[in-house]
Amino acid sequence: MLDCDFVSCIELIEHLDAAELARFSEVLFGYMNPAVVVITTPNADFNILFPGVTQFRHCDHRFEWSRSEFQAWCLDIGRTNAYSMEFTGVGVGPAGTETLGFCTQVAIFRRDPSRAKIKMKTSELPYKLVYEAVYPSLQNRKILHDAILNEVIFAAECVRRSFIDIDTGGQSEWRTCRADGEECARAAFSPEVSGPSFGGSPEVAGCPELSWSPEVTKIGAQLHIPVSTFFNNPRIRQLSDSLQQLQEVLQASNRVKLSHCGSSVLYPAGDEN
């Protein structure tokens, strides 16, 4: 955020205590050093036009400045930090109240082009590093793996919702089979139900990038979705270099549950999830 192009502070400063207001101007103008800053705040001169307002317009306001008070504060900032400024406002009162100014007063600060950009060593900053992201962010292994897992979980949820819709809507036939001694159901899609497909399989409702694989089954209260089905998703394929890498990411995470052989993701099938 150092030396950025623009910062806006709309109806902000009046919510700051005096000590916070002093630090606000030091950080914004003395450290961040933006090229343009717009600050708005209520005009206390205008308050006599609001019935029932005896002090401030809002209970959280710490102060409300008149035009002269606000302009004095802005001019002091400009002198200290080499900014020029322009004053304007928003909200015109009834005819005959022009002397009260605008309902909201606005200051536009512009940095002096000759002012040197601030250089500060990281070691001089009074901050503790709590998180670091490398950009492009997907170069970071953890962020990349989280992105893959997010896509897999989203795709599994699409499969679950489509599975429920078909089960309850009577749009497909079901055949019963036995697997490990439990009843399981396998969806048999009819041509008129399946829409445009990816890889020749019917697409999943709400997730056109993910298509059903014939091996997607419901066993007990869980869906068994082959990892290869996820790898057919263009977004997941783009994030994963190979099917093997996708399997390794899934095996290393506790966010998804895999079958014993690691070839399928086990996802809750119930409509309560």
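Conventions we followed
- Residues numbered from 1 in each chain as written.
- Predicted model: local features only at pLDDT ≥ 70, side-chain atom pairs only at ≥ 80, totals over all residues.
- Heavy atoms only, no water.
- Salt bridge = Lys/Arg side-chain N within 4 Å of Asp/Glu carboxyl O.
- Helix = DSSP H or I, 4+ residues; strand = E, 2+ residues; numbered from the N terminus.
- Buried < 20%, exposed > 50% of the residue type's maximum accessible area, 1.4 Å probe, protein only.
- Contact = heavy atoms within 4.5 Å.
- pLDDT = per-residue confidence, 0-100.
- Core = buried A, V, L, I, M, F, W, Y, C linked by side-chain atoms within 4.5 Å.

Novice: Any chance you could explain the pattern of salt bridges here in plain terms?
Specialist: Once the charged atoms of two side chains with opposite charge are near each other, the side chains can pair. The tally for this structure, following the rule as stated, stands at 10 salt bridges. Here Arg 67 makes a salt bridge to Asp 45, at a shortest N to O gap of 2.9 Å. Of this pair, Arg 67 sits in helix α2 (residues 67–81) while Asp 45 is found in the loop between β2 (36–42) and α2, placing the two residues 22 residues apart along the sequence. The class for Asp 45 is partly exposed, based on a relative accessible area of 23%. Through salt bridges with shared partners, a single network forms among Asp 17, Asp 60 and Arg 62.

Novice: Teacher, can you tell me more about the environment of Trp 65 here?
Specialist: With respect to the helices, strands and loops of the structure, Trp 65 is situated in the loop between β2 and α2. With 22 residues separating them in the primary sequence, Trp 65 and Asn 43 have C-alpha atoms 6.0 Å apart. Those residues within four positions of Trp 65 in sequence are excluded, and the remaining contacts are Ile 13, Leu 21, Pro 42, Asn 43, Ala 44, Phe 70, Trp 73 and Gln 105.

Novice: I'm lost on the confidence of the model for the protein in this one. Help?
Specialist: Confidence in the prediction for the protein averages 80 pLDDT; 75% of positions are at 70 or higher. By mean pLDDT, the top-scoring element of the protein is β2 (97), and the lowest-scoring one is strand β5 (residues 173–179) (32). A low-confidence stretch, residues 170–206 (pLDDT under 50), is modelled with 69 contacts involving residues beyond four sequence positions or located in other chains.

Novice: What is the right way to read the nonpolar core from this model?
Specialist: Soluble globular proteins tend to bury their nonpolar side chains together. In this structure, Ile 148, Val 152, Ile 225, Phe 230, Leu 246 and Leu 250 are the most contacted members of the largest nonpolar core, which totals 24 residues. Put simply, the parts of the chain that give this core at least two residues each are α3 (141–169), β10 (222–226), α4 (227–231), α5 (234–239), α6 (243–251) and β12 (264–268). No other element matches α3, which puts eight residues into this core. In contact with Leu 250, other than residues within four places in its own chain, are Leu 149, Val 152, Val 227, Val 256, Leu 258 and Val 265. Among the nonpolar cores identified, the runner-up in size contains 21 residues, and Leu 21, Phe 29, Ile 39 and Ile 77 belong to it.

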